[in-house]
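This is what each chain is made of:
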Amino acid sequence: MKHLQAYFFRQILWPFIVALAALTGLAILTQSLASISLLVEEQRGLYIFVYVTVLAMPQLLSLVIPIALFISVTYALHRLHTESELVVASASGMSRWGVVTPALRLALLAAAAHLAIMLWAQPFSYREMRRTLYDAQADLAATLVKPGEFVKPSDDLTLYLQDVQPGGQLTGLMIEDARDPSKPVVYMAKTGRLVQSAVSPQIILQQGSIQQIEDDGRLSYLDFDTYPFDLTRFVEPQGELVYKLSDRYLHELLFPDPTDHWEAANRDEMLAEGHSRIATPIHDIAVVLIAILALIGGDFSRVGYARRIWIATGAALAVRLLGFAAQSAANDDPLLNILQYAVPLAGGGVAIVMLLNPKRRAPHRNLFKRATA
């Protein structure tokens, strides 16, 4: 029996791996299209794009694991049915729960991995993603400085530089400030450097000149050694980095800091997110039980199990959607967090009850009785 169960486990495991890889690939493609704005011409932009996509994988895995489990268990049990392998196993003395055990073992392993993703991998990767995006948006060199190109961060500003030297020194700068269209100002500088500040980002121009046409048509020309050009009006200053709900660890969600204004204002949402992290892996077991019920829980059918599979698919989808609805409701009332656990437990519990107490219209047609007759 142990050899048979190991065989059944492998028959379920490989479809799970294939389904998980396919669904994750599709989710990564969707995520990549959503963040395509990060992909710029520079090599560093491509690196950020790929890095952010990889960091999104834990969240994507948490979404597709229940789907992959349901697909793999349904496919494997249906194939074992149609090839009469379950009939042979039953004839050799394997009980109904002996057939069910490999699928439940995979569900428990997947749920444990899912819980680890929700509690540690997801917040870690999302924190790193948030920091990466924050640094990329705050990096003026990546957005404004493009050697050999005229860059227009706004309609009234044009910036050009010849090159960027090691250490970030800029050479051959030209800036046209056309905030006053009738009197544009042109700044020329031999060298310069970017000073990034959340309050006032600036380009420090060195060894240059300021040129402007006066009202009487004369050219005004002023040399300078150092001149700070303020970019505040052209570049939106970066505020303080704030971690969102998806970026926080479980203890931060369940025990908000009452002295923190943001956490105090979002306490209910933080509690709902924290309980969702714990309750979501229970859905893995629930959808597997529903799939088992569809293929094992009823009478033997000579015409196939398509109708049962469609009903089970609808039931599994309903349980998962109700889980999302319970989390949404708990955002407004923390007492409703109990529903986040009740929904998957009820779905799995009903499946277990129906497996233990099947109502058969024709008992003689049951799979296991048929096999041993």
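A brief report on the enclosed structure follows. (Residues numbered from 1 in each chain as written. Predicted model: local features only at pLDDT ≥ 70, side-chain atom pairs only at ≥ 80, totals over all residues. Heavy atoms only, no water.)

1. Let's talk about the overall build of the protein
A count of helices and strands for the protein gives 13 helices and 7 strands. Restricting to contacts in the protein with at least 6 residues of sequence separation, those with at least 24 account for 63%. Only carbon and sulfur atoms are counted for the fraction: they give 62% of the accessible area of the protein, which is about 19,800 Å². (Helix = DSSP H or I, 4+ residues; strand = E, 2+ residues; numbered from the N terminus. Contact = heavy atoms within 4.5 Å. Areas by Shrake-Rupley, 256 points an atom, 1.4 Å probe, with all protein chains shown as cover.)

2. A closer look at the packing of helix α3 (residues 57-82) against helix α10 (residues 282-296)
At a closest axis distance of 9 Å, the pairing of α3 and α10 adopts a crossing angle of 20°. Classified by the angle between their axes, α3 and α10 sit roughly parallel to one another. Between α3 and α10 lies a crossing whose hand is right-handed. Taken together, the residues of α10 that come into contact with α3 (itself represented by I65, P66, L69, F70, V73, T74, L77, H78 and H81) are D284, V287, V288, I290, A291, I292, L295 and I296. Residues belonging to the contact of α3 with α10 are distributed by class as follows: 13 nonpolar, 3 polar and 1 charged. (Axes fitted to C-alpha atoms, helices over the stretch in contact; angles between N-to-C directions. Parallel < 35°, antiparallel > 145°, perpendicular 65-115°, else oblique. Left-handed = near helix turned anticlockwise from the far one by under 90°. Nonpolar A, V, L, I, M, F, W, Y, C, P; charged D, E, K, R; others polar.)

3. Some words on unusual backbone geometry
Backbone geometry at S84 places phi at a positive 60°, although glycine is not the residue there. Tracing the backbone shows S84 in the loop between α3 and α4 (85-91). You will see that Q207, though not glycine, has its phi angle at about 55°, which is positive.

4. Section: the packing of aromatic side chains
Counted under the stated rule, the structure contains 5 aromatic pairs. Aromatic pair F224 and Y227: ring centres 5.5 Å apart, planes at 45°, arrangement tilted. When its relative accessible area of 10% is taken as the criterion, F224 is described as buried. Taken together through their ring pairs, the aromatic side chains of Y187, F224, Y227 and F229 make up a single cluster. Over the aromatic face of Y243 sits the side chain of R127, whose NZ or CZ is 4.5 Å from the ring centroid. When the ring centre of F324 is taken as origin, the NZ or CZ atom of R320, which lies over that ring, is 4.1 Å away. (Phe/Tyr/Trp six-rings, centres within 6.5 Å; stacked < 30°, edge-to-face > 60°. Buried < 20%, exposed > 50% of the residue type's maximum accessible area, 1.4 Å probe, protein only. Lys NZ or Arg CZ within 6 Å of the ring centre and 35° of its normal.)

5. Focus: the nonpolar core
With 43 residues, the main nonpolar core has V73, V288, I292 and I296 as its most contacted residues. Elements with a minimum of two residues in this core: α1 (2-34), α3, α4, α5 (96-138), α10, α11 (306-330) and α12 (338-356). In terms of residues, this core owes the most to one element, α10, which gives 10 residues. When residues no more than four places from it in sequence are discounted, the contact partners of V73 are I12, A103, V288, A291 and I292. Among the nonpolar cores identified, the runner-up in size contains 16 residues, and Y187, A189, F229 and L231 belong to it. (Core = buried A, V, L, I, M, F, W, Y, C linked by side-chain atoms within 4.5 Å.)

6. Focus on α11
The end-to-end C-alpha distance of α11, which contains 25 residues, comes to 36 Å, matching closely the 36 Å that a straight helix rising 1.5 Å per residue would cover. Looking at α11, one finds that the buried residues are I309, A312, A316, V319, R320, G323, A326, Q327 and A330. Contacts made by the buried residues of α11 are with α3, α9 (267-279), α10 and α12. (Expected span 1.5 Å × (residues − 1).)

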